[in-house]
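Breakdown of the fold
Below, each chain spelled out in residue letters.
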Number of protein chains: 2
Amino acid sequence: MSSLKVPIVQRILSANETLAETVRQRFDDHGIFAINVMASPGAGKTSLILRTIEKLAPTYRIAVVEGDTAPVTIDADKVANRGIPAVQINTGGDCHLDASMMDSGLNQLPLSDLDLIIVENVGNLICPAAFQLGTHANVLIASIPEGDDKPYKYPAIYQGLDVLLISKLDLLPYIDFRMDYFKQGVEALNPGLVTFATSAKTGQGLNEWAEWLSQKIQAHRQR
Amino acid sequence: MSSLKVPIVQRILSANETLAETVRQRFDDHGIFAINVMASPGAGKTSLILRTIEKLAPTYRIAVVEGDTAPVTIDADKVANRGIPAVQINTGGDCHLDASMMDSGLNQLPLSDLDLIIVENVGNLICPAAFQLGTHANVLIASIPEGDDKPYKYPAIYQGLDVLLISKLDLLPYIDFRMDYFKQGVEALNPGLVTFATSAKTGQGLNEWAEWLSQKIQAHRQR
């Protein structure tokens with residue numbers, strides 16, 4: 001007599017993924033839309049986040065979670081100076097945030113009084129791709145001076161994205177950046193990815209990005 | 001009668017450090033000087049390596065080890081196109097090279113016919129700082145567009161450096177980069193660090209950097 005085999009159809013979640021679902025539920029319970037902003041060091045994450053806050057703070061209640069590998073509060077201070085609640089998470093040398101750090105960080109925010117949480121992940125194109133945080137959208141900021149070959153060299157992070165912000169577009173005249181080559185690389189990894197070409201300096205593309213984000217916040221509220 | 005206590009003065013080495021010493025011995029047995037080039041993604045590692053090869057290839061026999069997180073040969077191809085032996089190591093998603101990968105990679109190079117090995121580590125400011133490769137000098141390339149706050153945000157990598165190359169100096173007129181603030185941060189972490197301000201585009205600072213490296217190669221040979 002053969003033994004009965006039960007088909008296992010449920011996906012086995014890692015400890016981090018399980019905790020990320022808990023964090024997601026915390027966001028959802030409070031009607032908060034949350035984004036995970038990733039980028040290489042110096043791609044302009046904080047500048048773009050500050051410009052995004054300028055656009056959306058008149059309409060929405062925003063908080064920021066700052067991930068850093070060292071106990072420096074440079075970015076958190078910049079956000080707090082705008083009167084926006086900011087929590088700094090020091091990963092203690094780790095190259096990414098994880099769901100456990102997020103869960104702890106959220107305890108320091110007034111969740112009942114928020115519409116949007118912007119998470120600034122550690123500056124890194126590799127590690128953050130592998131760790132879900134419970135956020136609703138993965139955002140990558142790719143700066144013009146980093147070069148047009150990054151999708152080819154760091155494919156994993158591009159594959160998991162919901163939206164791509166090209167930053168420092170104002171530097172394009174001074175840099176040999178083949179936009180077609182860059183976009184071909186992105187399209188191969190993540191077909192149809194929503195992309196905004198922006199400059200925190202000139203303001204280009206920021207209204208379009210803010211409008212996209214605003215629609216996501218509203219759609220999330222009305223679920 | 002009290003038991004005799006033997007003072008333990010030998011530092012306990014990690015498995016990676018032990019293997020790094022083996023790799024170092026392989027370099028030394030062949031009179032090879034080896035450098036570990038680290039940087040953020042898009043800081044211009046490959047461009048600066050190519051310019052360094054231009055300067056030194058008439059005098060020294062050079063090879064390059066390319067670390068990548070994905071099976072792409074963009075950088076290795078650029079080096080090989082110059083007629084320089086190049087080995088590509090795919091870390092399989094890992095955010096750094098390690099001594100074990102180096103040891104394997106060296107098997108593919110003609111060690112008896114080399115004076116200098118340039119290792120291009122994975123683009124990352126966090127993970128490579130924690131993994132010795134057996135090389136003789138740690139080099140960081142910090143690009144102007146990354147911003148002047150990087151020493152403050154990524155202190156560990158600056159602390160372990162033997163030389164710092166500031167890259168993309170030609171972009172300084174277009175970027176709000178406070179050189180004094182940057183250098184203060186570096187000085188606090190690594191006093192007196194040898195630093196060259198360079199541009200692969202204009203050639204600025206490359207002769208000085210090549211001369212520094214040349215002296216290191218010669219001093220190593222004469223040990």
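Report on the accompanying structure. (Residues numbered from 1 in each chain as written. Chains lettered and ligands numbered in written order. Predicted model: local features only at pLDDT ≥ 70, side-chain atom pairs only at ≥ 80, totals over all residues.)

1. Things to note about the overall build of chain A
As a reminder, the rule being used: Strands are runs of DSSP state E lasting at least two residues, helices are runs of H or I lasting at least four, and both sets are numbered from the N terminus onward. Our radius of gyration looks at C-alpha atoms and nothing else; its globule reference is 2.2 Å times the residue count to the power 0.38. Counts of 20 or more other C-beta atoms within 10 Å of a residue's own C-beta define buried residues, counts of 12 or fewer define exposed ones, and intermediate counts define partly exposed ones; C-beta atoms are placed from the backbone. Here the contact rule is simple: place C-beta atoms from the backbone, and any two residues whose C-beta atoms are within 7 Å are in contact.
Counting its regular elements, chain A contains eight helices and seven strands. At 18 Å, chain A has a C-alpha radius of gyration in line with the 17 Å of a compact globule built from 223 residues. Overall size of chain A, expressed as C-alpha extent along the three principal axes, is 75 × 40 × 40 Å. Within chain A, the fraction of its 223 residues that count as buried is 48%. Considering only intrachain contacts with a sequence separation of at least 6, the fraction spanning at least 24 residues in chain A is 77%.

2. With respect to the relation of the copies chain A and chain B
Applicable threshold: Overlaid copies result from least-squares superposition on C-alpha atoms, with residues included only where pLDDT is at least 70 in both.
Rotating chain A by 180 degrees and moving it 0.0 Å along the rotation axis overlays it on chain B with an RMSD of 0.0 Å. The transformation just described matches what one would write down for a two-fold rotation axis. When you check the interface residues of chain A against chain B, 100% turn up at the interface there too, and the contact is symmetric in its surfaces.

3. Considering helix α1 (residues 15–29) of chain A
Residues and elements named next belong to chain A. So the rule is basically this: For a helix, the expected span equals 1.5 Å multiplied by the number of residues minus one. The arc under discussion is defined with respect to the helix axis, by the directions toward the C-beta atoms.
Between the first and last C-alpha of α1 there are 21 Å, a value that for 15 residues agrees with the 21 Å anticipated at 1.5 Å per step. Burial in α1 covers these residues: Leu 19, Ala 20, Val 23 and Phe 27. Each buried residue of α1 lies within a common arc of 110 degrees when the element is viewed along its axis, so the set occupies one face. Within α1, the exposed residues directed more than 90 degrees away from the buried face are Thr 18, Gln 25 and Asp 29. Looking one or two places after α1, you find Gly 31, whose phi comes out positive at around 65 degrees.

4. Looking at unusual backbone geometry
Residue and element names in this part refer to chain A. Of note in the backbone geometry, Lys 168 takes a positive phi value of approximately 55 degrees without being a glycine. Along the polypeptide, Lys 168 turns up in the loop between β6 (163–167) and α7 (179–189). On the basis of neighbour counts, which here come to 28 C-beta atoms within 10 Å, the residue Lys 168 falls in the buried class.

5. Details of the interface of chain A and chain B
The condition is simple: Residue classes follow a fixed rule: Ala, Val, Leu, Ile, Met, Phe, Trp, Tyr, Cys and Pro count as nonpolar, while Asp, Glu, Lys and Arg count as charged, and any other residue, Gly among them, counts as polar.
Taken together, the contact pairs 29 residues of chain A with 29 residues of chain B. Listing elements by their share of the side of chain A that touches chain B, those giving two or more residues are α5 (150–153) and α6 (155–159) of chain A. Counting residues per element, the side of chain A that touches chain B draws most heavily on α5(A), which supplies three residues. Among the residues making up the side of chain A that touches chain B, the classes are represented as 15 nonpolar, eight polar and six charged.

6. Here we look at the environment of Arg82(B)
By the element assignment, Arg82(B) lies in the loop between α3 (74–80) and β3 (86–90). Discounting residues that sit within four places of it in the chain, Arg82(B) has contacts with Leu50(B) and Ile53(B).

7. Structural notes on the pairing of strand β3 (residues 86–90) of chain A
Residues and elements named next belong to chain A. What counts here: Following DSSP output, two strands are said to pair if at least two bridges run between them. Looking down the strands as they point away from the viewer, one classifies a crossover as right-handed if the path from the first strand across the helix to the second runs clockwise.
Among the five residues that make up β3, four are buried, leaving the element largely enclosed by the rest of the structure. Direction of pairing for strand β2 (residues 62–68) relative to β3: parallel, over a ladder of five bridges. Residue pairing across strands places Val 64 opposite Ala 86, the latter belonging to β3. For the crossover from β2 across helix α3 (residues 74–80) to β3, the handedness is right-handed.

8. With respect to the sheet that holds strand β1 (residues 33–39) of chain A
Residues and elements named next belong to chain A. Cut-off, in case you're wondering: Working convention: axes come from line fits to C-alpha atoms, limited for helices to the stretch in contact. Angles between N-to-C directions cover 0 to 180 degrees.
The parallel open sheet is built from seven strands, whose spatial order is β3-β2-β4-β1-β5-β6-β7. Edge positions in the sheet fall to β3 and β7 (194–197), since each has one partner strand and no second. Direction aside, neighbouring strands of the sheet carry axes that sit 20 degrees apart on average. Both β1 and strand β4 (residues 116–120) contribute to a ladder of five bridges, which runs parallel. When the bridges of β4 are listed, Phe 33 appears paired with Leu 116.

9. Describing the environment of Ile117(A)
All names here are of chain A. Structurally, the position occupied by Ile 117 is in strand β4. Between the C-alpha atoms of Ile 117 and Val 64, which are 53 residues apart in sequence, the distance is 5.6 Å. Sequence-distant contacts of Ile 117, defined by excluding residues within four places in its chain, comprise Ile 32, Ala 34, Ala 63 and Val 65.

10. A short note on helix α2 (residues 45–56) of chain B
With 12 residues, α2(B) should reach 16 Å at 1.5 Å per residue; the first-to-last C-alpha distance of 16 Å fits that figure. Among the residues of α2(B), those classed as buried are Lys45(B), Thr46(B), Ser47(B), Leu48(B), Ile49(B), Thr52(B) and Ile53(B).

11. A closer look at the sheet that holds β3(B)
All names here are of chain B. Spatially, β3-β2-β4-β1-β5-β6-β7 is the arrangement adopted by the seven strands of the open sheet, whose pairing is parallel. Each of the sheet's edge strands pairs with one partner strand only, and the pair in question is β3 and β7 (194–197). Shown here is a sheet whose adjacent strand axes are inclined to one another by a mean of 20 degrees, direction ignored.

12. Quick look at the pairing of β2(A)
A large share of β2(A) lies buried, amounting to seven of its seven residues. Residues Ile62(A), Val64(A), Glu66(A) and Asp68(A) line one face of β2(A) and the alternating positions Ala63(A), Val65(A) and Gly67(A) line the opposite face, and both faces are buried.

13. Comments concerning the environment of Ile32(B)
All names here are of chain B. Within the element layout of this structure, Ile 32 appears in the loop between α1 (15–29) and β1 (33–39). Judged by local crowding, Ile 32 falls into the buried class, with 25 C-beta atoms found within 10 Å. Residues Ile 32 and Ala 210, 178 residues apart in the sequence, show an inter-C-alpha distance of 16 Å. Excluding anything up to four places from it in sequence, Ile 32 contacts Phe 27, Leu 111, Leu 114, Asp 115, Leu 116 and Ile 117.

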